[in-house]
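# Chain and residue survey
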Amino acid sequence: MTIETEAQGSAHPHHRHGWWWKTLLGGFLLWVVTIIVTIATQNTNLVPTIILIGSFLVPFTVVLFVIERVTGTISTMQLVTAFFVGGVLGVLGASLLESDLRPGAGLYLLVGFVEELVKGVLLVVVGWRVRPKTARQGALLGATVGAGFSAFESAGYAFNAAITTRGIDLSSLLQTEVARAVLSPVGHVLWTAILGSVLFGVAHGRPRFRWAWQILVAYVVVAVLHGLWDSNSTISTLLAFVLTGTPFSAAQDGYVPSSLAGVVTSLYIAGLAVVSVIGVAVLVGVLLHYRRRARRLDAGQRAQLGAWAGSPPPHPLR
């Protein structure tokens, strides 16, 4: 029996009824209803409910998507634990490591390296006993850890957007949650999925992880993509000044002139799209590479078994 056959044969008996999209739709309706009731009643006690639903809906949907597709020894409880515990420990670890970082041109890049390192370590811990180790398994488990990190981080951003000196700014809260919910599948989820696919792909067919230079390359790639994603606002603003020939002195107290607002927004969206496309292309390329590699290994194993089966029996001792 080949490794791929073992992986398929040990699949969990999850009922694939599309619970991920049903949860996404139902959760979105609950979020909308909560917003309407909050506005109608002016009850600020409902604001935490808006923050929690809006921040966790899409990331938790990712976990359900993974649960319906994961195989091997990893259980549903392990995935849920990876989501919540990994998310909490991830944001705590990143916060501690980033506390001494100073503002500067390379800040976003450093943040990318720090956060991807934290998620990578958590991914190793969570996936240590997972069998079989395949690139696909690593991508799914990486997406789960990234989703947990994204959920708790988004809750923090939503809270900061809601609390102002004038009280609770519901409009700013909703804008932040919508933006981060839409972008979360191509943010932390995508970066950690790439790292997980390489980490598990290198260990294909082995019970334990093993070190290879591809892991370091993957870590650097996802950290740089992460840094470009976070710094896209600054990059798009600088490009807007350069492309329109507007002098930097036209900035008013650090704010972009209203005449450049549309250009900056367009460049910002284009920048996010470019980084997202690169990330998706990298993930697909990695998965295809390790799939072909796994097939070659399985073909080699079958050929070796066939050679053993076709060899003549040894002569009996006289």
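Residues numbered from 1 in each chain as written. Predicted model: local features only at pLDDT ≥ 70, side-chain atom pairs only at ≥ 80, totals over all residues. Heavy atoms only, no water.

### Observations concerning the nonpolar core
Judged by nonpolar contacts, the single largest core of 58 residues is most densely connected at Ile50, Leu79, Leu141, Leu173, Trp191, Val198 and Phe200. Here this core gets 11 residues from one element, more than from any other, and that element is helix 6 (residues 135-162). If near-sequence neighbours (up to four positions away) are discounted, Ile50 is found in contact with Trp31, Thr34, Ile35, Thr38, Leu170, Leu173, Leu174 and Glu177. (Core = buried A, V, L, I, M, F, W, Y, C linked by side-chain atoms within 4.5 Å. Buried < 20%, exposed > 50% of the residue type's maximum accessible area, 1.4 Å probe, protein only. Helix = DSSP H or I, 4+ residues; strand = E, 2+ residues; numbered from the N terminus. Contact = heavy atoms within 4.5 Å.)

### A closer look at helix 8 (residues 188-202)
Its 15 residues place the ends of helix 8 21 Å apart at the C-alpha level, agreeing with the 21 Å of an ideal helix rising 1.5 Å per residue. Among the 15 residues of helix 8, 15 are classified as buried, and the element is accordingly described as predominantly covered. (Expected span 1.5 Å × (residues − 1).)

### Examining a nonpolar patch on the surface
Judged by side-chain polarity, Leu109, Trp211, Leu216, Val220, Val224, Leu228, Ile235, Leu239 and Leu243 come together as a nonpolar surface patch covering roughly 800 Å² of accessible area. Counting residues per element, the ones that place at least two in the nonpolar patch are helix 9 (213-230) and helix 10 (232-244). Of all the elements, helix 9 adds the most residues to the nonpolar patch, at four residues. Secondary-structure assignment places Val220 in helix 9. Judged by relative accessible area, which is 33%, Val220 ranks as partly exposed. (Patch = residues over 30% accessible without salt bridge, like charges linked within 9 Å, V, L, I, M, F, W, Y side chains within 5 Å. Areas by Shrake-Rupley, 256 points an atom, 1.4 Å probe, with all protein chains shown as cover. Salt bridge = Lys/Arg side-chain N within 4 Å of Asp/Glu carboxyl O.)

### Focus: unusual backbone geometry
Look at the link from Arg131 to Pro132: it is a cis peptide, with omega at -10 degrees. Positionally, Pro132 belongs in the loop between helix 5 (107-126) and helix 6. Positive phi, close to 55 degrees, is recorded for Gln42, a residue that is not glycine. Note that Gln42 resides in the loop between helix 2 (19-41) and helix 3 (47-67). Taking the relative accessible area as the measure of exposure, Gln42 reaches 63% and is therefore exposed.

### Some thoughts on the pattern of salt bridges
Taken as a whole, this structure holds three salt bridges when the rule is applied. With a closest N to O distance of 3.5 Å, Arg69 and Glu68 form a salt bridge. In this structure Glu68 comes out as buried when scored by relative accessible area, which is 6%. We note a salt bridge from Lys119 to Glu116, for which the minimum N-O separation is 3.0 Å. Of this pair, Lys119 and Glu116 are both found in helix 5, three residues apart, which corresponds to roughly one turn of the helix. Just as Lys119 is buried, Glu116 falls in that class too.

### Focus on the packing of helix 4 (residues 76-98) against helix 6
Between helix 4 and helix 6, the shortest axis-to-axis distance is 7 Å and the interhelical angle comes to 55 degrees. By the angle between their directions, the pair helix 4 and helix 6 is classed as oblique. Judged by the twist between their axes, the crossing of helix 4 over helix 6 is right-handed. Contact residues: Leu79, Ala82, Phe83, Phe84, Gly87, Val88, Gly90, Val91 and Ala94 in helix 4; Leu141, Thr144, Val145, Ala147, Gly148, Phe149, Ala151, Phe152 and Glu153 in helix 6. (Axes fitted to C-alpha atoms, helices over the stretch in contact; angles between N-to-C directions. Parallel < 35°, antiparallel > 145°, perpendicular 65-115°, else oblique. Left-handed = near helix turned anticlockwise from the far one by under 90°.)

### Looking at the packing of aromatic side chains
Within the structure shown, the criterion is met by 11 aromatic pairs. When the ring of Trp20 is compared with that of Phe65, the centres are 5.5 Å apart and the planes differ by 85 degrees; the resulting orientation is edge-to-face. You can see Trp20 sitting in helix 2 and its partner Phe65 sitting in helix 3, a full 45 residues away along the chain. By relative accessible area, Trp20 is classed as partly exposed at 28%. The class of Phe65 is partly exposed, set by a relative accessible area of 30%. With a centroid separation of 4.8 Å and an interplanar angle of 85 degrees, the aromatic rings of Phe83 and Phe84 are classed as edge-to-face. One aromatic cluster is present, built from ring pairs that chain together Phe56, Phe60, Phe83, Phe84 and Phe152. It is Lys119 that lies over the ring of Phe149; its NZ or CZ is 5.5 Å from the centre. Above the ring of Phe209, the side-chain terminus of Lys133 is found at 4.8 Å from the ring centroid. (Phe/Tyr/Trp six-rings, centres within 6.5 Å; stacked < 30°, edge-to-face > 60°. Lys NZ or Arg CZ within 6 Å of the ring centre and 35° of its normal.)

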